[in-house]
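These are the residues of each chain, in order.
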Amino acid sequence: MNVMLLAINPVAIRIGSSEHALEVRWYGILIAMGIVLGYLIVQREMLKRGMHPDFLTDMLIWAIPISIISARIYYVIFTWDYYSVHPEQIIQIWNGGIAIHGALIGAVITAVIFTRKRGVSFWKVADITAPGLLIGQIIGRWGNFMNQEAHGGPVSAAFKENTIIPDWIMNQMTIDGVTYHPTFLYESLWNVVGLIVILVLRRVITVKRGEIFLFYVIWYSIGRFFIEGMRTDSLYVIGALRAAQLVSVAGVVIGIAILLYRRFVMKVDENYEEKRT
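Values in this document were obtained by computation on a predicted structure and should not be read as measured data.

(A) Examining the side chain of E228 more closely. Tracing the chain through its elements places E228 in helix 9 (residues 211-228). One polar contact links E228 to S234, side chain to side chain, over a distance of 2.6 Å. Setting aside chain neighbours within four positions, we find E228 in contact with S234, R242, A244 and Q245.

(B) Representation of helix 4 (residues 100-118) within the structure. The terminal C-alpha atoms of helix 4 lie 26 Å apart, and with 19 residues this matches the ideal 27 Å at 1.5 Å per residue to within 8%. Of all the residues in helix 4, the buried ones are H101, G102, A103, L104, G106, T110, A111, F114 and T115. Buried positions along helix 4 lie against helix 2 (55-78), helix 5 (122-147), helix 9 and helix 10 (243-265). Among the residues trailing helix 4, G119 stands out with phi positive, at a value near 70 degrees.

(C) View of the packing of helix 5 against helix 9. Running from amino to carboxyl end, helix 5 crosses helix 9 at an angle of 30 degrees, the nearest separation of the two axes being 7 Å. Between helix 5 and helix 9, the angle is such that the two are roughly parallel. Contacts between helix 5 and helix 9 involve F122, W123, A126, D127, A130, L133, L134, Q137 and R141 from the former and E211, I212, F213, L214, Y216, Y220 and R224 from the latter.

(D) View of the nonpolar core. In this structure, M46, F55, M59 and Y216 are the most contacted members of the largest nonpolar core, which totals 38 residues. Elements that contribute at least two residues to this core include exactly helix 1 (26-48), helix 2, helix 4, helix 5, helix 7 (167-172), helix 8 (183-204) and helix 9. M59 has contacts with A111, F114, V125 and T129, leaving out every residue within four places of it along the chain.

(E) Here's a closer look at the packing of helix 2 against helix 4. Across the interface, helix 2 lies against helix 4 with an axial gap of 7 Å and an inter-helix angle of 145 degrees. Relative to helix 4, helix 2 is oriented so that their crossing is right-handed. Contacts between helix 2 and helix 4 involve F55, D58, M59, W62, A63, I66, S67, S70, A71 and Y74 from the former and H101, G102, A103, G106, A107, T110, A111, F114, T115 and R118 from the latter.

(F) The arrangement of the pattern of salt bridges in detail. Throughout the structure, instances matching the rule amount to 11 salt bridges. Residues joined by salt bridges that share partners form a network here, namely R141, E187, R224, E228, R231 and D233.

(G) Inspection of the packing of aromatic side chains at higher detail. On inspection of all chains with the given rule, the structure shows 17 aromatic pairs. Between W190 and W219 the ring centres are 4.2 Å apart and the planes differ by 15 degrees, which places this aromatic pair in the stacked class. Taken together, the positions of W190 in helix 8 and W219 in helix 9 put the pair 29 residues apart, joining distant regions of the chain. In textbook terms, an aromatic cluster arises when at least three aromatic residues are bridged by ring pairs, as seen for F122, W123, F213, Y216 and Y220.

(H) Spatial organisation of the pairing of strand 2 (residues 22-25). Both strand 1 (residues 11-15) and strand 2 contribute to a ladder of 4 bridges, which runs antiparallel. Note on strand 2: the bridge partner recorded for I15 is L22. Between strand 1 and strand 2, which pair antiparallel one after the other, the connecting turn spans 6 residues, and G16 there sits at a positive phi close to 100 degrees.

(I) Quick peek at the side chain of R231. Of note, R231 is situated in the loop between helix 9 and helix 10. Residues within four places of R231 in sequence aside, it is in contact with R141, A150, H151, G152, T183, R224 and R242.

(J) Structural detail: a nonpolar patch on the surface. On the surface, I31, I35, I64, I68, I91, I93, W94 and I98 cluster together to form a nonpolar patch covering roughly 730 Å² of accessible area. Contributing elements (two or more residues each) for the nonpolar patch: helix 1 and helix 2. Inspection of the secondary structure assignment puts I91 in the loop between helix 3 (80-83) and helix 4. Here I91 falls in the exposed class, since its relative accessible area comes to 65%.

(K) Fine view of helix 8. Taking 1.5 Å as the rise per residue, helix 8 with 22 residues should run 32 Å; its terminal C-alpha atoms sit 32 Å apart, in good agreement. The inward-facing, buried residues of helix 8 abut helix 1, helix 5, helix 7 and helix 9.

Basis of the calculations
- Residues numbered from 1 in each chain as written.
- Predicted model: local features only at pLDDT ≥ 70, side-chain atom pairs only at ≥ 80, totals over all residues.
- Heavy atoms only, no water.
- Helix = DSSP H or I, 4+ residues; strand = E, 2+ residues; numbered from the N terminus.
- Polar contact = N/O pair within 3.5 Å; in protein donor to acceptor, adjacent residues only side chain to side chain.
- Contact = heavy atoms within 4.5 Å.
- Expected span 1.5 Å × (residues − 1).
- Buried < 20%, exposed > 50% of the residue type's maximum accessible area, 1.4 Å probe, protein only.
- Axes fitted to C-alpha atoms, helices over the stretch in contact; angles between N-to-C directions.
- Parallel < 35°, antiparallel > 145°, perpendicular 65-115°, else oblique.
- Core = buried A, V, L, I, M, F, W, Y, C linked by side-chain atoms within 4.5 Å.
- Left-handed = near helix turned anticlockwise from the far one by under 90°.
- Salt bridge = Lys/Arg side-chain N within 4 Å of Asp/Glu carboxyl O.
- Phe/Tyr/Trp six-rings, centres within 6.5 Å; stacked < 30°, edge-to-face > 60°.
- Pairing = 2+ DSSP bridges.
- Patch = residues over 30% accessible without salt bridge, like charges linked within 9 Å, V, L, I, M, F, W, Y side chains within 5 Å.
- Areas by Shrake-Rupley, 256 points an atom, 1.4 Å probe, with all protein chains shown as cover.

Structure follows, in structure tokens:
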């Protein structure tokens, strides 16, 4: 029997009672948790592969703020009709409005420049960090759950009757009496499967350097393409063309092209090794 409960408050901590009180939201807490857990796992892997203990920290000092800025720029570009009229709100990131694709683009550009300056292979670093990126996304999507956002369209009566999704999730996705598809959950679970596949692949087959990261790009892009088609809050390029789906198609095509080029044309001979140093 379904039991309707009150929706979870998106504000975890509120300091003060006025309209200017400081609020700490679950969204921010979960994003921070994803970053910290991803960092710990990637740092452990980097140390095992003989990399400098400060390398990851030094890179993240640049990558995190740049990713936040690029995530905001991406969002503003695709909602320019609004921000062109309200330019003073462009920097008001605390009111929401960031996009994961923008963050990933910013992170990759930062990593390319940083690794080049440090004389380290970008592909080696990218392979090591790919599982950490997935972990961050797996946890971070639950921030959307807390905010009752990033959901799909209304579910059917048959879906509600037969779903195996727990009531507490479906309850949080019930807004003004209408229950929506928990697309945040679909993407989080898709990334969990992708993480498992990566951990298995790199142990059971010979993977060339760069292929773990490229698999991540391809895997995430495939899932995001289909899940994005269910969402009701998409950013659009032109008409009904969704920005995230366009970027996802580009991610699949470019990812496969680079993977094939590196393996069969460049004949990259460095392997992603599980050997510990």
